[in-house]
Amino acid sequence: MMEYRKEEILLKAEKINLFFGEKQVLRDIDLCIKNIVRPGVTQGQVVSLLGRSGIGKTQLFRILSGLQKPTSGTVTGIDNKPIMQGDMGVVFQNYYLFEWRTIRQSLELAAKKNPQLKPTDIKDQIDQQAQLFNLTEHLNKYPQQLSGGQRQRASIIQQLLNGSNFLLLDEPFSGLDVIMLEKVVELLLKVSLSDELKTLILVSHDIETSVALADTTFILAQEDGKPGATIIKEVDLCERELAWEKDVKNKKEFANTVQEIKALL
Ligand SMILES: Nc1ncnc2c1ncn2[C@@H]1O[C@H](COP(=O)(O)OP(=O)(O)O)[C@@H](O)[C@H]1O
Ligand SMILES: [Mg+2]
């Protein structure tokens, strides 16, 4: 049994409702992400938000990241401060990068916004991250010269250099082949191990990959007869001993949990 404690609240969404005109997309969403502390281990949180296609994940993602205001409800961070646009690193599904800048120029721009990075350290930081993410030989290229996987990695580094403690990724596993999928999983684990407070929020419809990576999974789905999607269940993967283990996919409890979630979506 791995030892851990849940401590202070890092992010809290309360009573989130979202309407487009008459149409309710999200209803009464409450979710709370706490700092999980493991004695002797530096590790952040990995939270996944699962739901079927069209249910409202991207809308909730935009609200959690401060990019969009809900019709009602609040999103707050540490010390109950409201989350503002720019507080979070955001990796969109289409890996948005500046098309007219080289990867290095985009990364420099991101690094300059990070108050914790000294200007003299920026070049080293970029080179180090590029090495880690296998992008060294692509730094002087433009986004359109990169493959989808390379764009995704560049986009992740760009957000890491920003220095925010939250990294939100919308559908980070879609459109990847098996080998690339493994690499992205490995890379996200590396990111979560880089810092005690780093929190990754993965928005996905890929149940198995999300459960394998996360310590907590929130299920977004529709409730019988009620409009809009809401969090119908929070699955604590630490409690089920499915967090932080390398070969988690071979466990019986893993298969059970995946089945349980499938039945809910
Ligand atoms: N600007 C908009 N106006 C009206 N409806 C929208 C708008 N954007 C999204 N929606 C609707 O919100 C719902 C949820 O969409 P989305 O969050 O993209 O789903 P998911 O990411 O889970 O696939 C969909 O039914 C979609 O049609
Ligand atoms: Mg989406």
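Being a predicted model, the structure only gives us computed values, none of them experimental.

Criteria and thresholds
- Residues numbered from 1 in each chain as written.
- Chains lettered and ligands numbered in written order.
- Predicted model: local features only at pLDDT ≥ 70, side-chain atom pairs only at ≥ 80, totals over all residues.
- Heavy atoms only, no water.
- 1 Å grid on protein atoms, 1.4 Å probe; cavity = no way out; pocket = protein on both sides within 12 Å on 5 of 7 lines; lining within 4 Å.
- Points joined across faces, edges and corners; volume = space filled by probe spheres on them.
- Helix = DSSP H or I, 4+ residues; strand = E, 2+ residues; numbered from the N terminus.
- Nonpolar A, V, L, I, M, F, W, Y, C, P; charged D, E, K, R; others polar.
- Near = heavy atom within 4 Å.
- Polar contact = N/O pair within 3.5 Å; in protein donor to acceptor, adjacent residues only side chain to side chain.
- Areas by Shrake-Rupley, 256 points an atom, 1.4 Å probe, with all protein chains shown as cover.
- Axes fitted to C-alpha atoms, helices over the stretch in contact; angles between N-to-C directions.
- Left-handed = near helix turned anticlockwise from the far one by under 90°.
- Contact = heavy atoms within 4.5 Å.
- UniProt positions renumbered as here; feature names shortened; annotations may be inferred.

Participant: Explain the layout of surface pockets to me, using residue names and the numbers behind them.
Facilitator: Of the volumes computed, that of the largest pocket is approximately 630 Å³. Secondary structure elements with two or more residues in the lining of the largest pocket: helix H5 (178-192) and helix H6 (207-213). In terms of residue count, H5 provides more of the lining of the largest pocket than any other element does, 7 residues in total. A breakdown of the residues in the lining of the largest pocket according to their chemical character gives 11 nonpolar, 4 polar and 8 charged. When its volume is computed, the second largest pocket comes out at roughly 520 Å³.

Participant: Mind laying out the site of ligand 1, listing which residues take part and the relevant values?
Facilitator: Close to ligand 1 lie Phe20, Lys23, Val25, Arg52, Ser53, Gly54, Ile55, Gly56, Lys57, Thr58 and Gln59, which account for all nearby residues. Between an oxygen atom of ligand 1 and a main-chain N or O atom of Ile55, the distance comes to 3.3 Å. A total of 570 Å² of accessible area belongs to ligand 1 in isolation, and the protein chains cover 59% of it. Counting only elements with at least two residues in the shell around ligand 1, the list comes to strand S2 (23-37) and helix H1 (57-64). When residues in the shell around ligand 1 are grouped by element, the largest group, 3 residues, is from H1. Within the shell around ligand 1, the residues separate by chemical class into 3 nonpolar, 5 polar and 3 charged.

Participant: Describe the packing of helix H3 (residues 122-132) against helix H4 (residues 148-161), with residues and values.
Facilitator: Two elements in contact, H3 and H4, have axes separated by 11 Å at closest approach and are oriented at 140°. Pair H3 / H4 crosses with right-handed handedness. The segment H3 lies against H4, with Gln125, Ile126, Gln129 and Ala130 engaging Ile157, Leu160 and Leu161.

Participant: Tell me about the UniProt feature "domain: ABC transporter" (unreviewed entry) in the protein, and name the residues and values.
Facilitator: Sites flagged by UniProt as "domain: ABC transporter" (unreviewed entry) map to residues 11-247. For residues 11-247, helix accounts for 27% and strand for 28%, while the C-alpha atoms at its two ends are 29 Å apart.

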